[in-house]
Every structure is written in C-alpha cells, then in structure tokens.
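Below are the chains, spelled out letter by letter.
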Amino acid sequence: MLGNFVYSNPTKLYFGEDSKKHLAEALKGYGNNVLLTYGGGSIKRNGIYDDVMSVLSESGKKVVELPGVMPNPTLEKVMEGVKAVRENGIDFILAVGGGSTIDYSKAVAAAANYEGDAWQTFWVEQKDPSEDAKILPIGAVLTMAGTGSEMNGGSVITNEPIKMKIGKVFDDRLMPKFAILNPKYTFSVPRNQMVAGIFDTMSHIMEQYFSGDDDSTSDYLSEGLMRSLIASSRVAVKDPENYEARSNIMWSATWALNTLIGEGKTQDWMVHMIGHAISAFTHATHGMTLAGVSIAYYRLVMKYGIHRFARFAKVVWDITPEGKTEGQLANAGIDALAAWIKEIGAASDISSLGVTEDMIEGIANATIDLPGGYHHLTHDEIVSVLKNSL
Ligand code: NZQ
Ligand code: ZN
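Note that the coordinates shown come from a computational prediction; the quantities given were computed from them, not determined experimentally.

A. Representation of the pattern of salt bridges in the model. Going through the model one piece at a time under the given rule, you end up with 14 salt bridges. A salt bridge links Lys21 to Asp18; the nearest nitrogen and oxygen atoms lie 3.8 Å apart. Looking at Lys21, the relative accessible area reads 66%, which means it is exposed. A salt bridge links Glu80 to Lys77; the nearest nitrogen and oxygen atoms lie 3.2 Å apart. Placement of both Glu80 and Lys77 in helix α4 (residues 75-88) is noted, with a separation of three residues, approximately one turn of the helix. Through salt bridges that share partners, Asp219, Lys265 and Arg308 make up one connected network.

B. Molecular detail of the side chain of Asn72. Summarising the element assignment, Asn72 is placed in the loop between β3 (62-66) and α4. Of note is the side chain of Asn72, whose polar atom sits 3.3 Å from the backbone oxygen of Ala284. Among all residues touching Asn72, those that are not within four sequence positions of it are Ser100, Thr158, Lys165, Ser279, His283 and Ala284.

C. Quick look at the environment of Gly323. Examined against the element boundaries, Gly323 turns out to sit in the loop between α12 (306-317) and α13 (326-344). For Gly323, a relative accessible area of 81% translates into the label exposed. Sequence separation between Gly323 and Ile102 is 221 residues, and the spatial gap between their C-alpha atoms is 48 Å.

D. Spatial organisation of the packing of aromatic side chains. Per the stated rule, a full pass over the model turns up 22 aromatic pairs. Both rings, one in Tyr209 and one in Phe312, keep their centres 6.2 Å apart while their planes meet at 50°; by these two values the pair is tilted. Residue Tyr209 is located in helix α7 (residues 191-209), and its partner Phe312 is located in helix α12; the two are separated by 103 residues in the primary sequence. For Phe312, a relative accessible area of 0% corresponds to the buried category. These aromatic residues form a ring-pair network of at least three members: Phe199, Tyr209, Phe210, Tyr297, Tyr298, Phe309, Phe312, Trp317, Trp340 and Tyr374.

The rules we used
In this convention, every chain numbers its residues from 1, walking through the sequence in written order. Both sets of labels track the order of writing: A upward for chains, 1 upward for ligands. Two thresholds apply to this predicted model, a pLDDT of at least 70 for residue-level local features and 80 or more for giving and counting side-chain atom pairs, whereas whole-chain, interface and lining totals are computed over all residues. Only hydrogens and water are set aside when side-chain values are computed; all heavy atoms of the structure are taken into account. Put simply, a salt bridge is a Lys or Arg side-chain nitrogen that is within 4 Å of an Asp or Glu carboxyl oxygen. Under the scheme applied here, a residue whose accessible area is under 20% of the maximum for its type counts as buried, over 50% as exposed, and between as partly exposed, the area being computed with a 1.4 Å probe on protein chains only. Under the scheme used here, helices are H or I runs from DSSP no shorter than 4 residues and strands are E runs no shorter than 2 residues, and both carry numbers assigned from the N terminus. Under the rule applied, a polar contact is a pair of N or O atoms within 3.5 Å (in protein, one hydrogen donor and one hydrogen acceptor; residues adjacent in sequence only if both atoms are side-chain atoms). Contact definition: two residues touch when any of their heavy atoms are within 4.5 Å. Geometry of aromatic contacts follows a simple scheme: Phe, Tyr and Trp rings, the Trp one being its six-membered ring, pair when their centres are within 6.5 Å, and the pair is stacked under 30 degrees between planes, edge-to-face over 60, tilted otherwise.

Next comes the structure, spelled out in structure tokens:
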C-alpha cells in the first residue's frame, strides 16, 4: 500500500432477511416529515412498499410520496424532488429502490437547499456543497444489488436535453445514514436487471483493480470479491431464489463500491465513462452498457498493464500459467471474462442496446476522459472501442 488515504464510512448497515425489523430503530432521531422516493412501482407489487409504509406510520412519520424515479434518473426529475422538499418542509428522505432511487435521493438532498445551479456546481464543476450547506439526511431500503449507492456518496444524474450523464461522488454528508439490505427484497428483480447488477458489481471491482502496480491489500480484497461474485452469479442465474447466492451478491456489491477496495490506488473508470455516455444516448441499462464495451476496452489497454491482466487470469479465473506467455495468459483472462458475460446473459455488444454506427461520434464526444487507468485513451481509441463493441 503505497498511497496515503483517509478512510471513513458513516453508513450503518442492517443486513439479512430480518433486517427490515430494524427500520423503525434506524428512523429514530431523524425528522418527522419524510419524503419517500421510489421508482416505477415494483415496490407496490412485491410488498416492500407495504412493509415500509407500516413502519413509517407506526413511527408517527408524516410521509410525502415521490414515485416515478426512472432508471438513469434525470435532472428534471431531481428538480421535482427539490420542489417537493421545499413545499412540504421535508427533513428526511427515505429512498426505497435500487441505485437510481438512491442516487436520485442524494441529488435532491444536495440540491434542495442550494440556491445556485445544482447541475453546474455539483455535476459539471464537481464541487461539494459548502461547509455550512443544509443537507438533508437520507436513508435507504435497497431493493436491487449492483451500484453500491447504499454505502457511497455517488449520484449519477442525466441531463436529457444535452445528453450528458455525469456522476458526482459527494462527501460523507450525502452518504445514506443507514441502509437496510434484505437479500429477499431482490428476489423479484427481473432476470436482466439482476444480471446487469452482477456485471455492474464486477465492473466496479475491475475499474479499481486494473490500475497501479504496487503490492496492495486493496487488490487482494478485490480478487476475493470477484471470486465470490462469479461463484454466486453462477448459482443465481440458475436459481434466482437461492438466498445464499443472492445475499453474497448483495454484500459483494456493497463492498465493491464503498471506497474500501480503491483505497491507496489510482483507478480507471473508463468503462463507466463510456457506459454512461451510451446510456445518455440510448437509456440503456447501466450494467449492460458496461458489459457491452468491457471486452473491446480491456483488449485495447491490456498491453499497458500486462502483469495485472495476467494475475487476473490466474487468480480470478484459475487459468493455469504453464505453457503460456504472459500475453497469452492475460488474453485468456479476458476470454474467460467474455465467456462469463455470455454465460450469465449480460450484453456482449452494444448494438443490442440500441447503439448504431451514426451515434458513435456523439457517444465518444460525450465520454468524460479520465487518466487513471493503465492507458489514457485518445478520442480515436474511444471510437475504436465503441466500433469494436457494436
Ligand atoms: O423502478 P422500479 O419499478 O422500482 O423498477 C426497477 C427498475 O426498473 C427495477 N427493480 C429494482 N428493484 C426491484 C426491481 N424490480 C422488481 N423487484 C425489485 N426488488 O429494476 C430496474 C432498475 O433499477 P435501478 O435502480 O435503475 O438499477 P440500478 O440499481 O442498477 O441503478 C442504476 C443507476 O445507478 C447509477 C447508474 O448509472 C444508474 O443511473 N450508478 C450509481 C453508482 C453509485 N451511486 O455509486 C455507481 C454505478 O456505477 C452507477 O453509475
Ligand atoms: Zn456501475
């Protein structure tokens, strides 16, 4: 571990099938005027809404509902939330959903008491709210595993008119105060969303793993998480109601992106930057965009970080190094990743996500350029990753 860092994570987690019993206790100490945010209605069909509402009413909370948070939440929708907070004197936001609802709630919490242009300040300029900013506390009941939003400060928002999807990682003040993680709540997630969440988790780990070359505990933690995720994914795609597999997937997703495995490291995140630009153009599901471009991306950058890619093949995929050059071993690791993408039913290309040749230049232009991986991509290389992913 050669880097310097400060590690802190204020989110209190309640995990397991009994975790819902802790919601009342978790809500204690927070305000009485609760904004309940959720998505397109899955929580009404699977009973989670009833579970949460009964606790809220037993706890004497006054609830204002804000439904309809869409996957890849928009700035326009954030402004609707800001209005609801201001008009109703909201003092706590309870997000019930996946990454979209939780990210959305952080955005509303940051923007609600901000008088300036929230999009420009927080997402474009990547500034944090001022020290004296009044930030609403949020809590989360997680219904879908993948983003890690339940234990991080990330808030990814899409500005539809200008086709920009940008993530802002807020500081501790915007992280959920608590999160209820009940793996059973994820049983009703449609198969393609479950798979997208699994690949999103894998991608979060790879974005942090494929960078740097010192001997770092963070990378060993990443390898363990990837092995657990791959093993559980193979069970879950055959048997989605396997509690053990779904609970491992949920826990892996949380730890994949709560800053732990990125400590002391430079990080890549270019697969995410390309994936976000694809979603801004197509509304495609986040995890699928990542699966669709990962193979072309890693084949391109592999030669710049060959030792790490060879280690990935050996440690994560159990590929025997005997009789192989380092390059062959590294390639075999990416082959294994490609085979796993097919095996679990994630996207192997971006055409199936609605990307057409004429969009490529626009998507490449909307891709935010980050220098932290093994190779800093040029514009032409981004175009070539996209073309090779079609
Ligand atoms: O809207 P509802 O009806 O609830 O349906 C949702 C939605 O259609 C459904 N769903 C969720 N839980 C369910 C369920 N359906 C049945 N039963 C359940 N228990 O699944 C669909 C997808 O939900 P969504 O919240 O959009 O998925 P996800 O958790 O993958 O979140 C994606 C968003 O998070 C951002 C992505 O960019 C995207 O906008 N990310 C956030 C990150 C962070 N905070 O750190 C990092 C990630 O890299 C990512 O960028
Ligand atoms: Zn992601």
